[in-house]
Amino acid sequence: MQPDPISPTKNNSFWLRRGMREALCLPTFILMCAFIGFAGFAKESGITLAMCLTMTIFIWALPACVVLVTAISNGATLVAAFIAVTLSSARLMPMTIAIVPEMRSKTTSLWKLLFLSHFVAVTAWVISMERFKSVPKHGRASYFLGLVLVINVLIQLVVVGVYLSADSLPPAVLGALFFLTPVYFLLSL
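What comes next concerns the included structure. Predicted model, so just to flag it, every value in this text is computed and none were measured.

## Topic: the overall build of the protein chain
For the protein chain, the helix and strand inventory stands at 11 helices and 0 strands. Here the protein chain has a C-alpha radius of gyration of 18 Å; the compact-globule value for 189 residues is 16 Å, and the two agree. Counting only C-alpha atoms and orienting by the principal axes, one finds that the protein chain spans roughly 55 × 35 × 30 Å. Relative to all contacts within the protein chain whose residues are 6 or more apart in sequence, the contacts with residues 24 or more apart total 78%.

Shown next as structure tokens:
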């Protein structure tokens with residue numbers, strides 16, 4: 001007899017691996033396509049590959065990355081760019097407020113929740129809120145960590161691949177794929 005996959009006896013590594021596995025889904029694929037457009041836009045704007053990767057790791061949300069690239073390419077000051085990125089990311093606060101209590105359990109540390117709250121963006125939020133129903137409270141933080149780690153690594157690979165080959169891709173294709181972001185957000189929410 002197979003053990004119950006949502007059994008509370010499963011440890012955190014089980015839920016981490018499950019989150020990693022379930023990151024391979026349609027919303028992640030659509031986000032990867034949107035980052036194809038971002039990588040082309042960033043390269044065309046004169047942003048280095050190292051800067052692109054740093055943005056996608058530390059800023060994480062695609063619209064905020066676009067705002068930063070635009071600010072840099074328009075010669076904005078560091079303070080103006082910081083304010084613009086902060087304002088564009090403020091939209092994620094309600095999602096963070098909604099998901100953190102869903103991940104909190106008696107054993108989840110405050111530091112882990114603070115760390116994980118950095119990775120709240122539309123794709124991860126939509127996937128998690130849908131799938132948390134089948135994950136016990138004690139495994140949700142590990143599940144979310146596995147999910148966002150895989151999504152972030154895939155995005156990094158897409159950015160590197162597209163950035164290095166952007167000169168051979170038609171600009172219309174990059175632009176069309178970049179447009180998938182607002183379409184996906186509209187449909188997923």
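On we go.
## Looking at the layout of surface pockets
Put simply, the largest pocket is a space of about 260 Å³. Together, 13 residues line the largest pocket, and Ser89, Leu92, Ser117, His118 and Val120 are the ones closest to its centre. Mapped by element, the contributors of at least two residues to the lining of the largest pocket are helix H5 (78-89) and helix H6 (93-103). Here the second largest pocket is characterised by a volume of approximately 190 Å³. Lining of the second largest pocket is provided by Gly37, Gly40, Phe41, Lys43, Glu44, Ala166, Asp167, Leu169, Pro171, Leu174, Gly175 and Phe178. At the level of elements, helix H2 (26-44) and helix H10 (171-178) are the ones that each hand at least two residues to the lining of the second largest pocket. The greatest single-element share of the lining of the second largest pocket, amounting to 5 residues, is contributed by H2.

## Things to note about helix H1 (residues 12-22)
Buried within H1 we find Phe14, Trp15, Arg18 and Gly19. Projected onto a plane normal to the axis of H1, the buried residues spread over an arc of 135° and lie on a single side.

## Section: empty space enclosed by the protein
Here the structure, examined in full by the defined rule, presents 1 cavity of 30 Å³ or more. Volume-wise, the largest cavity comes out at about 120 Å³. Lining the largest cavity are 15 residues, with Leu31, Trp60, Ala61, Leu62 and Ala121 sitting closest to its centre. For the lining of the largest cavity, the secondary-structure elements that each account for two or more residues are H2, helix H4 (62-73), helix H8 (122-131) and helix H9 (137-165). No other element matches the 3 residues that H8 contributes to the lining of the largest cavity. Its residues assigned to classes, the lining of the largest cavity shows 13 nonpolar, 1 polar and 1 charged.

## Notes on the packing of aromatic side chains
Applying the stated criterion to the full structure yields 4 aromatic pairs. Taking the centre distance of 5.2 Å and the plane angle of 70° together, the rings of phenylalanine 115 and phenylalanine 119 count as edge-to-face. Among the residues examined, phenylalanine 115 registers a relative accessible area of 47% and is labelled partly exposed. A relative accessible area of 9% places phenylalanine 119 in the buried class. Lying over the aromatic face of tyrosine 163, lysine 43 brings its terminal NZ or CZ to 5.1 Å of the ring centre.

## A word on the environment of leucine 114
Of note, leucine 114 is situated in helix H7 (residues 110-117). Here leucine 114 falls in the partly exposed class, since its relative accessible area comes to 44%. A sequence separation of 20 residues divides leucine 114 from proline 94, and the C-alpha atoms of the two residues are 15 Å apart.

## Let's talk about the pattern of salt bridges
Under the defined criterion, the tally for this structure stands at 4 salt bridges. With a shortest N-O distance of 2.9 Å, arginine 18 and glutamate 22 are connected by a salt bridge. Highlighted residues: arginine 18 and glutamate 22, both in helix H1, separated by 4 residues, approximately one helical turn. Given the relative accessible area of 10%, arginine 18 is considered buried. Among the salt bridges present, the one from arginine 140 reaches glutamate 102, with a minimum N-O distance of 2.9 Å. You can see arginine 140 sitting in helix H9 and its partner glutamate 102 sitting in helix H6, a full 38 residues away along the chain. Looking at glutamate 102, the relative accessible area reads 29%, which means it is partly exposed.

How each quantity is defined
- Residues numbered from 1 in each chain as written.
- Predicted model: local features only at pLDDT ≥ 70, side-chain atom pairs only at ≥ 80, totals over all residues.
- Heavy atoms only, no water.
- Helix = DSSP H or I, 4+ residues; strand = E, 2+ residues; numbered from the N terminus.
- Rg over C-alpha atoms; globule rule 2.2 N^0.38 Å.
- Contact = heavy atoms within 4.5 Å.
- 1 Å grid on protein atoms, 1.4 Å probe; cavity = no way out; pocket = protein on both sides within 12 Å on 5 of 7 lines; lining within 4 Å.
- Points joined across faces, edges and corners; volume = space filled by probe spheres on them.
- Buried < 20%, exposed > 50% of the residue type's maximum accessible area, 1.4 Å probe, protein only.
- Arc of directions from axis to C-beta.
- Nonpolar A, V, L, I, M, F, W, Y, C, P; charged D, E, K, R; others polar.
- Phe/Tyr/Trp six-rings, centres within 6.5 Å; stacked < 30°, edge-to-face > 60°.
- Lys NZ or Arg CZ within 6 Å of the ring centre and 35° of its normal.
- Salt bridge = Lys/Arg side-chain N within 4 Å of Asp/Glu carboxyl O.

Everything listed here is a matter of geometry and, on its own, says nothing about what the molecule does.
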